[in-house]
Amino acid sequence: MLYILIAIVAVSSLYFVVPSVIVAEETPRTFLTHTGLAIQTTGDVIDPIGYDGEALDFDPDKFMKEFDYGEVTVLDDGTVLREFYITARDDQIMEVSPGVFYNVWTFNDSVPGPTIRATEGDLVRIHFTNEGSKAHSLHFHGIHKAEMDGVFENVGTGGIFTYEFYADPVGLHLYHCHVHPVEEHIAHGLYGAYIVDPKEAREPAEEFVFVLNGLDTDFDGENNFYAANTIPFYYQHHPIQINVNQNIRAYVVNILEFDAVNNFHLHGTLFHHYPAGTDTVPSGYNDMLTMSQGDRQILEFNYKYPGLYMFHAHNTEFSEKGWVSTFLVKENANDFDTEIEYDDII
Ligand SMILES: [Cu+2]
């Protein structure tokens, strides 16, 4: 034991004798981020300006309430045609956390891509363009013809493909790129939610989309950050404001790469949940969900009491690396202060 201690002290003392042995880089370097912040580091600089594409801003508040219903035309036989335009790119960057830039691969300049929404029986036509440097595709979950599955027809750089299928079945589905290596294309951000509403609409509710994802910012095949809607800790710092007794419907899609399961835990109340949203009768009443990659659930709930409530991954590692969010439940909608920040209420 004594020999080990002596050895440790001897090696440690080298730091003071020959610091160049220990210090990775002697000369600090400075670079500017896209937000104009000067960063000084002695580590490797992964130049975020090295990408050709522009830096992206992403607003999780906007994303969670934004639904793309497409351009609507009623055909002669009465069928509703919804046309969507989706462009894939892979050259953009996003400041996903302060000072952390990540090369996002995007559908319509966003991670996740737009939430596509149609009603059962609609004809969905997706005009897909690949402006990326790699091949990409669109694979939609749901019932459709094999040639519309987006798996064997890779769309090369500059290519276009038109996907067409009927919105079927009712539910909460997803879409993602299916080009190999699929994990790389998904980990970089090529996915989104796809909702098929029943012809007889669900009960009115305030609706939110939460796409559970992660970010492998050092490319080692493990996630460094976890999130609901891409930005770690976003809804912790910007609580989602709702009302006591307000009916909430959450569309939760798990697309997390690299980790076998993800989960969702709601504080202060319980939800009725509908796996894949395909049934009108809830499968359970719970405050926990465990989901593998590609699983999704529709949750319906409300709050009895006002206050600040967390929802997060019950997997502690995921929540401590960003997948933690909050609802701020108010007594009255008129109390809402859109400027309120998390720091103001704790
Ligand atoms: Cu792809």
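Further up the page is the structure itself.
Residues numbered from 1 in each chain as written. Predicted model: local features only at pLDDT ≥ 70, side-chain atom pairs only at ≥ 80, totals over all residues. Heavy atoms only, no water.

> Lay out the pattern of salt bridges in plain terms, naming residues and giving numbers.
Taken as a whole, this structure holds eleven salt bridges when the rule is applied. When the shortest N-O distance is used, the salt bridge between D109 and R89 registers 3.9 Å. A residue pair is termed long-range when its members are at least 10 positions apart, and D109 in the loop between β7 (100-107) and β8 (115-119) and R89 in strand β6 (residues 80-97) qualify at 20 residues. Between E164 and R125 there is a salt bridge whose closest N-O contact spans 2.5 Å. Placement of E164 in strand β11 (residues 160-166) and of R125 in strand β9 (residues 123-130) is noted, with a sequence separation of 39 residues between them. E164 gets classed as partly exposed once you look at its relative accessible area, which sits at 33%. (Salt bridge = Lys/Arg side-chain N within 4 Å of Asp/Glu carboxyl O. Helix = DSSP H or I, 4+ residues; strand = E, 2+ residues; numbered from the N terminus. Buried < 20%, exposed > 50% of the residue type's maximum accessible area, 1.4 Å probe, protein only.)

> An account of the coordination of the copper ion is needed here, citing residue identities and associated values.
When four donors bind a metal tetrahedrally, each ideal donor-metal-donor angle is 109.5 degrees, and when six bind octahedrally, the ideal angles are 90 or 180 degrees. Taken together, H136 (ND1), C177 (SG) and H185 (ND1) make up the protein donors of the copper ion, found 1.9 to 2.1 Å from the metal. Taken in sequence order, the residues that donate to the copper ion follow the motif H-x40-C-x7-H. Of the two residues, C177 and H185, neither departs from the other in class, the shared state being buried. (Donors = N, O, S within 2.8 Å, 3.2 Å for Na, K, Ca; no water.)

> I'd like a description of the sheet that holds strand β12 (residues 171-176), backed by residues and values.
Reading across from one edge, β4-β8-β13-β12-β10 is the order of the five strands in this open sheet, with mixed pairing throughout. Two strands lie at the open edges of the sheet, namely β4 (67-68) and β10 (139-140), each paired on one side alone. With two bridges connecting them, β4 and β8 associate as parallel partners. By the bridge assignment for β8, F67 is matched with T115. (Pairing = 2+ DSSP bridges.)

> Break down the packing of aromatic side chains for me, with residues and values.
Scanning all chains against the criterion turns up 26 aromatic pairs. Ring centres of F165 and Y194 lie 6.1 Å apart, and the angle between their planes is 75°; this geometry places the pair in the edge-to-face category. One end of the pair, F165, is in strand β11; the other, Y194, is in strand β13 (residues 191-197), and 29 residues separate them in sequence. Overall, the relative accessible area of 5% leaves F165 in the buried class. Overall, Y194 belongs to the buried group, its relative accessible area being 1%. With a centroid separation of 5.9 Å and an interplanar angle of 80°, the aromatic rings of F210 and Y235 are classed as edge-to-face. One end of the pair, F210, is in strand β14 (residues 206-215); the other, Y235, is in helix α5 (residues 234-237), and 25 residues separate them in sequence. Looking at Y235, the relative accessible area reads 1%, which means it is buried. Grouped by ring-pair contacts, the aromatic residues F208, F210, Y234, Y235, F264, F271, F301, Y303, Y309, F311, W323 and F327 constitute a single cluster. (Phe/Tyr/Trp six-rings, centres within 6.5 Å; stacked < 30°, edge-to-face > 60°.)

> Any details on the sheet that holds strand β23 (residues 307-312)? Residues and values, ideally.
A sheet is described by the order of its strands in space; here five strands give the open sequence β16-β24-β23-β18-β21, paired in mixed fashion. Of all the strands in the sheet, just β16 (240-243) and β21 (288-292) have a single pairing partner and so form its edges. Averaged over all pairs of adjacent strands, the angle between their axes in this sheet comes to 25°, without regard to strand direction. (Axes fitted to C-alpha atoms, helices over the stretch in contact; angles between N-to-C directions.)

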